[in-house]
Amino acid sequence: QVQLVESGGGLVQAGGSLRLSCAASGGIFSSYSMGWFRQAPGKARDFVARISWSGGSTYYADSVKGRFTISRDNAKNTVYLQMNSLKPEDTAVYYCAAALVPGHSSWTRYNYWGQGTQVTVSS
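Just so you know, these numbers come straight off a predicted model, no measurement behind them.

A. Layout of the overall build of the protein chain. For the protein chain, the helix and strand inventory stands at 0 helices and 11 strands. Across the protein chain, helices and strands are ordered from the amino to the carboxyl terminus as β-β-β-β-β-β-β-β-β-β-β. Taking 123 residues into account, the globule formula puts the C-alpha radius of gyration at 14 Å, and the protein chain, at 13 Å, falls close to it. Projected onto its principal axes, the C-alpha coordinates of the protein chain cover approximately 40 × 25 × 25 Å. The proportion of buried residues among the 123 residues of the protein chain is 41%. Partitioning the intrachain contacts of the protein chain with sequence separation of at least 6 by distance along the chain shows that 58% fall at a separation of at least 24. Carbon and sulfur atoms make up 49% of the accessible area of the protein chain, which totals about 6,200 Å². Across the protein chain, the 11 positively charged side chains and the 6 negatively charged ones have centroids separated by 4 Å.

In structure tokens:
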């Protein structure tokens, strides 16, 4: 029912910035809580950030707090992840996800997923 497409990934040097976008279609975008997750090779899919339906509430993993900012533009059906001060350990495939029930950081509570976009941070 809901399709999510991530974009904006790429190769960046340590200390640099990237802005990821997630375009949604097939549903009422403003009714979903949105989240970003990431997965490095051989590791679990980890929570990065989430944002409420209205955008009034955000939550971040400790590893990215102060460096990453999640935001959403419901008029454009898009959620963003601004990533600053990138580190090599941020290298991963980043996934956008949508949830009908807010307030959770576990990937198991999200209903829809994008295909992912690769972020590589070089030293």
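B. Looking closely at the pattern of salt bridges. Scanning the entire structure with this criterion turns up 3 salt bridges. For Asp 62, the salt bridge is made with Lys 65, and the minimal N-O distance between the two is 3.3 Å. Judged by relative accessible area, which is 66%, Asp 62 ranks as exposed. With a closest N to O distance of 2.8 Å, Asp 90 and Arg 67 form a salt bridge.

C. Inspection of the side chain of Ser 33 at higher detail. Looking at the secondary structure, you find Ser 33 in strand β4 (residues 33-39). By relative accessible area, Ser 33 is classed as buried at 2%. Within the structure, the side chain of Ser 33 is placed 3.1 Å from the backbone oxygen of Ile 51, a separation counted as a polar contact. Setting aside its immediate chain neighbours within four residues, Ser 33 contacts Ile 51, Ser 52, Trp 53, Arg 72, Ala 97, Ala 98, Ala 99, Pro 102 and Tyr 110.

Definitions and limits used
Residues numbered from 1 in each chain as written. Predicted model: local features only at pLDDT ≥ 70, side-chain atom pairs only at ≥ 80, totals over all residues. Heavy atoms only, no water. Helix = DSSP H or I, 4+ residues; strand = E, 2+ residues; numbered from the N terminus. Rg over C-alpha atoms; globule rule 2.2 N^0.38 Å. Buried < 20%, exposed > 50% of the residue type's maximum accessible area, 1.4 Å probe, protein only. Contact = heavy atoms within 4.5 Å. Areas by Shrake-Rupley, 256 points an atom, 1.4 Å probe, with all protein chains shown as cover. Lys, Arg positive; Asp, Glu negative; His and termini not counted. Charge placed at Lys NZ, Arg CZ, Asp CG, Glu CD. Salt bridge = Lys/Arg side-chain N within 4 Å of Asp/Glu carboxyl O. Polar contact = N/O pair within 3.5 Å; in protein donor to acceptor, adjacent residues only side chain to side chain.

Function cannot be inferred from these measures alone, as they are strictly geometric.
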